[in-house]
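# Topology and contacts: notes
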Amino acid sequence: MAGEGPLILPPEGDSQRGLSPELKTILIAAGLCAFLGPGAGQIYNRRRLKGVLMILSTLGLIAGLGAYMVMAAKRSVEQTAQTNPQLLFVEGAEIMLAKTIVMENMRALQVFKWSFVVLWCYGIVDAYRDAKERTSTKSGGNV
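Here we come to the overall build of the protein chain. Looking only at helices and strands, one finds 6 helices and 0 strands in the protein chain. Each helix (α) and strand (β) of the protein chain, taken in turn from the N terminus, gives the series α-α-α-α-α-α. Across the 143 residues of the protein chain, 23% fall into the buried class. A separation of at least 24 residues holds for 61% of the contacts in the protein chain among residues at least 6 apart in sequence. Accessible surface for the protein chain amounts to roughly 10,300 Å². Of this, 66% is attributable to carbon and sulfur atoms.

Here it is in structure tokens:
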């Protein structure tokens, strides 16, 4: 308790009213984006083109990762077939190959992961800013 500032209570009646509709709009937009993925908050804020582009970017990242990993798996299986073909028929070989594929492509996986994280964070911040701007213009700048 020592070192804490004074406890400030809201004025009478504020605790009964809850959040303002403008603040609810901002929180819903940012929350949608956070939980549903990049683009959802933009669509909620009626920035449909931006939202669709963000969704398509996300799907492109996922498709790119899938295509890259399929090619990496194919390379790994071909390399194993050339160097040690009997290994392909050993029980549990697919687990060993999967681990090898992931370890050999860790840098690319990191690039995909961080690209997605950056896109998602941008979506959250952008949805929040759009909602805040939209509500401030409706209420005359009082947000």
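Here we take up a nonpolar patch on the surface. A contiguous nonpolar patch, built from Ile 43, Leu 49, Val 52, Leu 53, Ile 55, Leu 56, Leu 59 and Ile 62 and spanning about 720 Å² of accessible area, is present on the exposed surface. Counting residues per element, the nonpolar patch draws most heavily on helix 4 (residues 48-83), at 7 residues. Relative to the helices and strands, Leu 49 is located in helix 4.

Trans is the prevailing form of peptide bonds, just as negative phi is the prevailing case for residues other than glycine. Phi angles above zero are rare outside glycine, and Arg 46 is one such case at about 65°. Note on placement: Arg 46 falls in the loop between helix 3 (40-44) and helix 4.

Counted under the stated rule, the structure contains 2 aromatic pairs. With centroids separated by 6.2 Å and ring planes inclined at 50°, the aromatic side chains of Tyr 68 and Phe 112 adopt a geometry described as tilted. Taken together, the positions of Tyr 68 in helix 4 and Phe 112 in helix 6 (residues 106-138) put the pair 44 residues apart, joining distant regions of the chain. Measuring from centroid to centroid gives 5.0 Å for Phe 116 and Trp 120, while their planes differ by 80°, and the two rings are edge-to-face.

Cut-off values and rules
- Residues numbered from 1 in each chain as written.
- Predicted model: local features only at pLDDT ≥ 70, side-chain atom pairs only at ≥ 80, totals over all residues.
- Heavy atoms only, no water.
- Helix = DSSP H or I, 4+ residues; strand = E, 2+ residues; numbered from the N terminus.
- Buried < 20%, exposed > 50% of the residue type's maximum accessible area, 1.4 Å probe, protein only.
- Contact = heavy atoms within 4.5 Å.
- Areas by Shrake-Rupley, 256 points an atom, 1.4 Å probe, with all protein chains shown as cover.
- Patch = residues over 30% accessible without salt bridge, like charges linked within 9 Å, V, L, I, M, F, W, Y side chains within 5 Å.
- Salt bridge = Lys/Arg side-chain N within 4 Å of Asp/Glu carboxyl O.
- Phe/Tyr/Trp six-rings, centres within 6.5 Å; stacked < 30°, edge-to-face > 60°.

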